[in-house]
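In case you want the letters, here they are:
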Amino acid sequence: MTGTEPAPPTTYREALREAMREALAADDRVFLMGEDVGRYGGAFGVSLGLLDEFGSARVRDTPLSESAFVGAGIGAAIAGLRPIVEVMTVNFSLLALDQILNNAATLLHMSGGQVGVPLVIRMTTGAGRQLAAQHSHSLEGWYAHIPGIRVLAPATIEDARYMLAPALADPDPVVIFEHGSLYNASGTMPAGSGPVDLDSAAVRRPGTDVTLITYGGSLGKALDAAEQLAADGIAAEVVDLRTLRPLDDTTVLGSVQQTHRAVVVDEGWRTGGLSAEVAARVTEQGFYDLDAPVQRVCAAEVPVPYARQLEEAALPQVADIVAAARRAVG
Amino acid sequence: MIRRTAANPRRSRQRTAGGMDHQLAMLREMVRIRRFEERCVELYSSGEIRGFVHLCIGEEAVSVGVNRALTAEDSVVTTYREHGHALARGVPAEAVFAEMLGRVTGCSRGRGGSMHLFDTARRFYGGHGIVAGGLPVAAGLALAARMRGQPNLTCCFFGDGAFAEGEFHETANLAALWDLPLLLICENNLYAMGTPLVREHAQTDLAARAASYGLVAWAADGMDVLAVEHAARRAARAVREGGGPYFLELRTYRFRAHSMYDPDLYRDKTEIEQWKERDPITRLADLMCADGSLDGHGLELIEKEIADELDQAVDRAREGGLEPAEDLLRFVRSPASEPS
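Please read these numbers as outputs of a predicted model, since none were measured by experiment.

Draft legend 1. Summary view of the overall build of chain B. When helices and strands are tallied, chain B shows 12 helices and nine strands. Here chain B has a C-alpha radius of gyration of 20 Å; the compact-globule value for 340 residues is 20 Å, and the two agree. In terms of principal-axis extent, the alpha carbons of chain B reach across some 55 × 55 × 40 Å. Across the 340 residues that make up chain B, the buried fraction comes to 58%. In chain B, the proportion of contacts linking residues at least 24 apart, taken out of those at least 6 apart, comes to 77%.

Draft legend 2. A look at the pattern of salt bridges. The full count for this structure, using the stated rule, is 41 salt bridges over all chains. With a shortest N-O distance of 3.0 Å, Arg150(A) and Asp199(A) are connected by a salt bridge. Taken together, the residues Arg150(A) in strand β6 (residues 150-152) and Asp199(A) in the loop between β8 (186-188) and β9 (202-205) connect sequence positions 49 residues apart. The exposure class assigned to Arg150(A) is buried, which follows from its relative accessible area of 7%. Note on Asp199(A): relative accessible area 43%, which makes it partly exposed. Look at the salt bridges and you will find they share partners, linking Arg150(A), Asp170(A), Asp172(A), Asp199(A) and Arg333(B) into a network.

Draft legend 3. The interface of chain A and chain B, seen in detail. Opposite the 41 residues of chain A that make contact, chain B presents 37 residues. For the pair chain A and chain B, the summed buried area comes to about 3,200 Å², and 63% of that belongs to carbon and sulfur atoms. When the buried area of chain A at its contact with chain B is split by residue, His109(A), Met110(A) and Gln114(A) rank highest and sum to 20% of it. Remark: the boundary between chain A and chain B carries two salt bridges. Measuring nitrogen to oxygen at the nearest pair gives 3.7 Å for the salt bridge that ties Asp172(A) to Arg333(B). Taken together, the links from chain A to chain B amount to 20 residue pairs in polar contact (both at pLDDT 80 or more). When contributions to the side of chain A that touches chain B are tallied by element, the ones reaching two or more residues are β2 (30-34), β3 (59-61), α3 (66-78), α5 (97-104) and α6 (107-110) of chain A. Examining the composition of the side of chain A that touches chain B, we find that nine residues originate from one element, α3(A), more than from any other. Classifying every residue of the side of chain A that touches chain B by side-chain character gives 19 nonpolar, 15 polar and seven charged.

Draft legend 4. Spotlight on the side chain of Asp240(A). Relative to the assigned elements, Asp240(A) resides in strand β11 (residues 236-240). Asp240(A) has contacts with Ala155(A), Asp159(A), Ala201(A), Ala202(A), Arg204(A), Thr214(A), Tyr215(A), Gly216(A) and Leu219(A), leaving out every residue within four places of it along the chain.

Draft legend 5. Molecular detail of the sheet that holds strand β10 (residues 210-214) of chain A. Residue and element names in this part refer to chain A. As summarised here, the arrangement of the five strands in space is β9-β11-β10-β13-β14, forming an open sheet in which the pairing is mixed. In this open sheet, the two strands that pair with only one neighbour each are β9 and β14 (295-299). Here the average twist between neighbouring strands, direction ignored, is 25°. Pairing between β10 and strand β13 (residues 262-269): three bridges, direction parallel. For Leu212, the partnering residue across the bridge sits in β13 and is Val263. Contacts between helix α10 (residues 219-231) and the sheet are confined to β9, β10 and β11, with β11 contributing the most and set at about 170° to the helix.

Draft legend 6. Inspection of the packing of aromatic side chains at higher detail. Residue and element names in this part refer to chain B. According to the stated counting rule, one finds 15 aromatic pairs over all chains in the structure shown. Taken together, a centroid distance of 6.0 Å and an interplanar angle of 65° make the contact between Phe168 and Phe247 edge-to-face. Of this pair, Phe168 sits in helix α7 (residues 166-177) while Phe247 sits in strand β9 (residues 246-251), and the two are 79 residues apart along the sequence. Of the residues examined, Phe168 reaches a relative accessible area of 1% and is grouped as buried. Given a relative accessible area of 0%, Phe247 falls into the buried group. Here Trp218 and Tyr246 contribute two aromatic rings whose centre-to-centre distance is 5.5 Å and whose plane-to-plane angle is 75°, an arrangement assigned as edge-to-face. Of this pair, Trp218 sits in strand β8 (residues 216-221) while Tyr246 sits in strand β9, and the two are 28 residues apart along the sequence. Taking relative accessible area as the criterion, Trp218 reaches 4% and is therefore assigned buried.

Draft legend 7. Inspection of the packing of α3(A) against α7(B) at higher detail. Put simply, α3(A) and α7(B) touch, their axes get as near as 8 Å, and they point 70° apart. Of the possible angle classes, the one that applies to α3(A) and α7(B) is roughly perpendicular. As α3(A) runs across α7(B), the sense of the crossing is right-handed. Taking contact as the criterion, the partners of Glu66(A), Ser67(A), Ala68(A) and Ala72(A) in α3(A) are, on α7(B), Glu167(B), Glu170(B), Thr171(B) and Leu174(B). Counted by class, the contact of α3(A) with α7(B) contains three nonpolar, two polar and three charged residues.

Draft legend 8. Main features of the pairing of β9(B). Residue and element names in this part refer to chain B. Buried residues dominate β9, accounting for five of its six residues. Strand direction decides the pairing type here: strand β5 (residues 182-188) and β9, joined by six bridges, are parallel. Its bridge partner being in β9, Ile185 is matched across the sheet by Leu248. Of the pairings in the sheet, the one linking β8 to β9 comprises six bridges and is parallel in character. Bridge assignment links Val216 to a residue of β9, and that residue is Tyr246. With helix α9 (residues 225-240) bridging β8 and its parallel neighbour β9, the resulting β-α-β unit is right-handed.

Draft legend 9. Broad picture of the sheet that holds β3(A). Residue and element names in this part refer to chain A. Read from one edge of the open sheet, seven strands run β3-β2-β4-β5-β7-β6-β12, paired in mixed fashion. With partners counted over all chains shown, the strands left at the sheet margins are β3 and β12 (243-245), one partner each. If you compare each strand with its neighbour and ignore which way they point, the axes differ by 20° on average. Sheet strands in contact with α3 are β2, β4 (82-89) and β5 (120-125), and its direction is about 165° off that of β4.

Draft legend 10. Fine view of the environment of Arg148(B). Residues and elements named next belong to chain B. With respect to the helices, strands and loops of the structure, Arg148 is situated in the loop between α6 (134-147) and β4 (154-159). Given a relative accessible area of 38%, Arg148 falls into the partly exposed group. Taking the C-alpha atoms as reference points, Arg148 and Val239, 91 residues apart in sequence, are found 16 Å from one another.

Procedures and definitions
Residues numbered from 1 in each chain as written. Chains lettered and ligands numbered in written order. Predicted model: local features only at pLDDT ≥ 70, side-chain atom pairs only at ≥ 80, totals over all residues. Heavy atoms only, no water. Helix = DSSP H or I, 4+ residues; strand = E, 2+ residues; numbered from the N terminus. Rg over C-alpha atoms; globule rule 2.2 N^0.38 Å. Buried < 20%, exposed > 50% of the residue type's maximum accessible area, 1.4 Å probe, protein only. Contact = heavy atoms within 4.5 Å. Salt bridge = Lys/Arg side-chain N within 4 Å of Asp/Glu carboxyl O. Buried area = accessible area lost by both parts, 1.4 Å probe. Polar contact = N/O pair within 3.5 Å; in protein donor to acceptor, adjacent residues only side chain to side chain. Nonpolar A, V, L, I, M, F, W, Y, C, P; charged D, E, K, R; others polar. Pairing = 2+ DSSP bridges. Axes fitted to C-alpha atoms, helices over the stretch in contact; angles between N-to-C directions. Phe/Tyr/Trp six-rings, centres within 6.5 Å; stacked < 30°, edge-to-face > 60°. Parallel < 35°, antiparallel > 145°, perpendicular 65-115°, else oblique. Left-handed = near helix turned anticlockwise from the far one by under 90°. Right-handed = clockwise from strand over helix to strand, strands pointing away.

Geometric values such as these leave the question of function open.
Below you can see the structure in the form of structure tokens.
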């Protein structure tokens with residue numbers, strides 16, 4: 001123990017806000033735009049107060065025109081600015097998918113290396129708040145399918161605080177997925193926190209018997225599952241992917257080499273999803289290290305329903321992860 | 001302010017800047033674009049150019065007239081029918097040919113082809129194949145200029161088909177709301193691929209509809225390069241002076257099919273012939289011949305110079321190297337973030 005004051009408690013939301021405040025203060029090329037980011041303070045309160053601090057030119061409320069304001073972010077980035085575009089939820093981002101895929105992810109290559117797009121897009125993802133089928137999906141796996149963009153999923157307060165700066169420093173588009181259930185998560189910032197290496201997954205809990213591979217809103221569930229498994233003498237290692245594209249195969253495969261068993265936990269749908277990609281890579285590259293088939297815990301193949309018990313049944317739960325880990329351990 | 005007027009061609013001629021040399025230069029640019037695209041047809045027929053190729057033959061007055069209103073600091077975003085826009089902007093013919101031949105010396109290193117010409121040194125930001133997809137990007141380029149207090153504008157070309165897309169309407173509203181220095185050029189050639197304007201739009205007066213967003217919108221004769229230039233100069237000046245976005249509907253016509261794949265079964269041949277009587281090149285040449293500033297010899301000279309230039313450009317384009325397949329994954333991410 002040192003004699004210094006402990007860091008005050010903070011939240012995931014405040015960490016995101018502090019990251020944006022720091023970026024806006026440090027670089028006058030940075031600006032924020034999106035629906036209700038200014039006067040309202042952000043649909044989830046992330047940008048509250050930034051309008052007063054930085055003014056309406058740099059904290060821009062936009063019309064409900066996802067395609068236009070995401071595309072405008074692309075154009076401004078091409079021109080040399082460093083926009084942060086907030087899209088309210090991943091379901092709404094589909095209205096801007098043309099701009100994200102056909103322009104942001106494509107222009108550099110299609111122009112033979114001339115047109116770089118240093119754009120950061122932030123959006124909420126995930127279920128668990130009884131918001132039903134048009135505000136609850138986890139489509140980050142779709143974005144991770146696209147060459148040309150980097151996809152981030154901060155799952156901790158530290159990553160919420162320190163992923164933005166390296167994302168803004170990236171010369172290419174970065175899409176950041178914030179799980180809606182995390183905004184109120186509170187904790188203290190670990191001492192010595194700093195910019196995150198965006199190429200690396202993180203081992204959040206060491207273990208020797210089974211690897212739980214997850215990210216974003218499912219990290220907490222995986223850690224809870226690991227705790228329950230520990231009570232039964234099963235030491236689960238928890239890997240937080242953090243960056244969904246490009247995937248850090250080295251960390252994942254390194255863990256599986258030690259544990260010989262893998263469970264992938266993903267709030268996205270199973271079919272054709274990110275969990276399928278991770279499982280395929282483990283199988284392709286780590287087949288001879290495996291002592292059991294790779295297990296997957298995913299959302300049920302259904303539009304996320306409103307009623308609490310149905311929503312809970314649709315999502316990966318701690319008990320599901322524990323059961324999958326037991327199947328893997330045998 | 002919502003205003004809508006039709007540019008008067010006669011007035012426009014009187015007011016057009018420059019004299020005979022100016023008109024001769026514009027005539028030459030239009031002929032050059034026409035002959036360039038005729039070479040494209042030859043190269044396509046011989047199998048050297050593949051993929052989609054969309055020709056602007058008949059629409060040259062739009063490229064040439066609008067470009068006259070732009071400065072080197074302005075940005076241009078355009079569509080897949082952009083050979084004319086690129087050449088008018090100064091992208092070398094050789095680089096455009098090389099791009100269509102898939103050479104590394106092409107203006108997009110052979111990664112774009114006919115539809116995706118880029119030249120950032122000339123602030124020419126493509127070459128967009130998704131109808132209306134360039135409009136939001138153009139708004140962003142304009143936003144950056146405005147946020148930095150720069151005097152340059154962004155000129156965005158799109159067609160009557162794009163006017164039916166949500167991205168046009170979202171962008172028009174955003175640009176007007178934020179007073180963006182954006183020059184919106186609707187190149188209305190009366191067909192969205194094969195669908196005529198009247199089967200696509202309940203209200204076909206596109207300038208009137210654009211004006212409803214609170215931006216200034218005019219219609220002008222897109223077959224008259226002097227009228228186009230005049231309207232574009234007026235609009236560009238107003239945009240530069242802080243007048244917000246301007247919209248020009250330039251009514252024009254493509255003499256060729258939509259693309260090289262298109263058998264052009266949906267248009268009446270007499271309609272095409274009627275529009276050819278308004279050929280922008282013939283129109284300006286006749287005007288210049290009538291006032292004595294051009295004669296047959298002068299035209300021959302122009303044709304000869306252009307033919308020589310294009311011969312050389314095609315030859316040099318053919319000499320361009322092919323990028324090796326090992327370099328396939330270059331430019332998916334910037335060099336700084338590419339895996340080593």
